[in-house]
Amino acid sequence: MFRLSNTNLDVREISQIGALSTLIGIDLSYNDFENQPVPLELYNLSNLQALRISNSNVGGILSPLLTNLNELRHLDLSHNNYHGILPSNILRELIELTVLNLNANYFTGTLPDTLGNMSNIERIFINGPSQDISPLSSVTAKDRITGPLPDLSRLRHLKEVHFSSQSLTGFIPDNFLRSLPSNSSHLTIDLTSNFLTGTVPATVFHRFSHLDLFLTSNLITSIDGELCSKSQWMNGVVDKYGCDGILCPLGTYNLEYGRQVNNNATCDICSGNMTSYMGSTYCSIPEKIPLLHSDSQIEYSNENNDRLILEQFYRSTGGSEWIKQDNWLDDQIDICSWYGITCSPAVVYRSIGKDVRGFVTKLQLVENNLVGFASFDSFHLQYLDILNLSGNPKFNLEFHGIEDSSSITHIHLDMTGI
């Protein structure tokens, strides 16, 4: 390994290393690339088996020239400023990789299917930037990977998967880890701080005896009971605390972990506002804003809650490809000014003299290239009256949970995928 980390090399000096054609390993971490791409000359090092350039202020997109380094076993480009999508062809060509570390960059799009074809891979790290974008945080996320979990069922050597702090959506699919040997010595799966929904399924995880499974700060609503007696999961924590060792139950939270890890870090009961999801690290979504209407009846607006719901809807329906998406996900703009959103009139809470926008009452995104699906059970816009998503043939809406949408009067879904 040619170790040149933290040596204050500039980009011109780094480019000269490309002439050392016999190198099999190089570490250029903790240098400053000045937000520039990796010099093209480094892609001439076709014998490289290890390339580490972490924490080096590298910018740009992943170069297609990475495929020239087809002997790579270890690739670490973490903690840089890469952006754009993860190119599927690069992962398809680097078939010798055992470790892929792309943590803490700014990739968008979806996780490519070719991740599931990296037959020698043992450890995958594609965590997003560390800023909290969990469903119960008020922080939004634009530079995150969205879409479903990929099919990793053919990766028989897999030991670690880290996809935390992204914007992944949907259920945990049955084929996620289907062919991974159940006698794997130890398996770590970290999906913390995404927008995954539904149940933690026994069909995916029950056969693993030694598993560290991190799922806090998602939109999980239940755990299959078979998983709550696994004696060697989470270093014995599940054996001691059952399901609470995986995720804090509904109505509780743990500020640091979202689960119980010892007798001092318990799942505490929320007073007043109940948590809507398991594994919460907040007792509730940020405090509701009281509104006093003309009839003096107190109502409560939860603009932060509506914002989070709409952000999830945007990601799960391919929002970045919508025909019109004016103001969506803009932290500085009220959701009532997002394209297709109508809110109830602003009202004044007289005791504080504050003019506050009302609730979302209409969502109308007609012929706007929505793709994917959403369901009513993850779509609790409390005062939604009109939903018009017609003319989106690649979009599907599941009706589970519609019984809780008590305010809705008009639904228009003609010419959709239903």
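Residues numbered from 1 in each chain as written. Predicted model: local features only at pLDDT ≥ 70, side-chain atom pairs only at ≥ 80, totals over all residues. Heavy atoms only, no water.

Peer 1: Which residues make up the packing of aromatic side chains, and what values do they have?
Peer 2: Aromatic ring pairs are reported here in terms of the distance separating the ring centres and the angle at which the planes meet. This structure, assessed with the given rule, holds seven aromatic pairs. A ring pair is formed by Tyr314 and Trp322, whose centres lie 5.0 Å apart and whose planes are at 70 degrees; its orientation type is edge-to-face. For the residue pair Tyr314 and Trp322, the accessibility class agrees, reading buried in each case. Ring centres 5.8 Å apart and planes at 20 degrees place the aromatic pair Tyr314 and Trp328 in the stacked group. Taken together, the positions of Tyr314 in helix α5 (residues 303-316) and Trp328 in the loop between α5 and β20 (341-343) put the pair 14 residues apart, joining distant regions of the chain. On the accessibility criterion, Tyr314 (9% relative accessible area) is buried. A relative accessible area of 5% means that Trp328 is categorised as buried. Members of the aromatic cluster, each reached through a chain of ring pairs, are Phe313, Tyr314, Trp322, Trp328, Trp338 and Phe395. (Phe/Tyr/Trp six-rings, centres within 6.5 Å; stacked < 30°, edge-to-face > 60°. Buried < 20%, exposed > 50% of the residue type's maximum accessible area, 1.4 Å probe, protein only. Helix = DSSP H or I, 4+ residues; strand = E, 2+ residues; numbered from the N terminus.)

Peer 1: I'd love a proper account of the pairing of strand β13 (residues 195-200), names of residues and values included.
Peer 2: Counting buried residues along β13, five of its six residues qualify, which places the element largely inside the surrounding structure. Two strands pair when backbone bridges link them, and β13 and strand β15 (residues 219-223) are joined in this way by four bridges, in the parallel orientation. By the bridge assignment for β15, Thr197 is matched with Leu219. (Pairing = 2+ DSSP bridges.)

Peer 1: Give me the lowdown on the sheet that holds strand β25 (residues 386-388), citing residues and values where you can.
Peer 2: Strand order in the open sheet formed by four strands is β20-β23-β25-β27, and the pairing between neighbours is mixed. Looking along the sheet, the strands with just one partner apiece sit at the ends: β20 and β27 (410-412). Neighbour-to-neighbour, the strand axes of the sheet open up by a mean angle of 15 degrees, direction not taken into account. Pairing of strand β23 (residues 360-364) with β25 involves three bridges; the strand directions are parallel. Bridging across to β25, Lys362 finds its partner in Ile386. (Axes fitted to C-alpha atoms, helices over the stretch in contact; angles between N-to-C directions.)

Peer 1: With reference to specific residues and values, describe the state of the cysteines.
Peer 2: Enumeration over the complete set of coordinates arrives at two disulfides. With its sulfur 1.6 Å from that of its partner, Cys228 forms a disulfide with Cys243. Handedness of the Cys228-Cys243 disulfide follows from its S-S torsion of about 85 degrees: it is right-handed. With Cys228 in the loop between β15 and α4 (237-241) and Cys243 in the loop between α4 and β16 (252-253), this residue pair connects regions lying 15 residues apart in the sequence. (Disulfide = S-S within 2.5 Å.)

Peer 1: Let's hear about the sheet that holds strand β2 (residues 25-27): which residues, and what values?
Peer 2: Across the sheet, which stays open at both edges, the nine strands sit in the order β1-β2-β3-β4-β6-β8-β10-β12-β14 with parallel pairing between neighbours. Two strands in the sheet have a free side with no partner beyond their single neighbour: β1 (2-3) and β14 (211-214). Sheet analysis places β1 next to β2, joined by two bridges and oriented parallel. Paired with Arg3 across the bridge in β2 is Asp27.

All quantities given are derived from atomic positions and should not be read as evidence of function.
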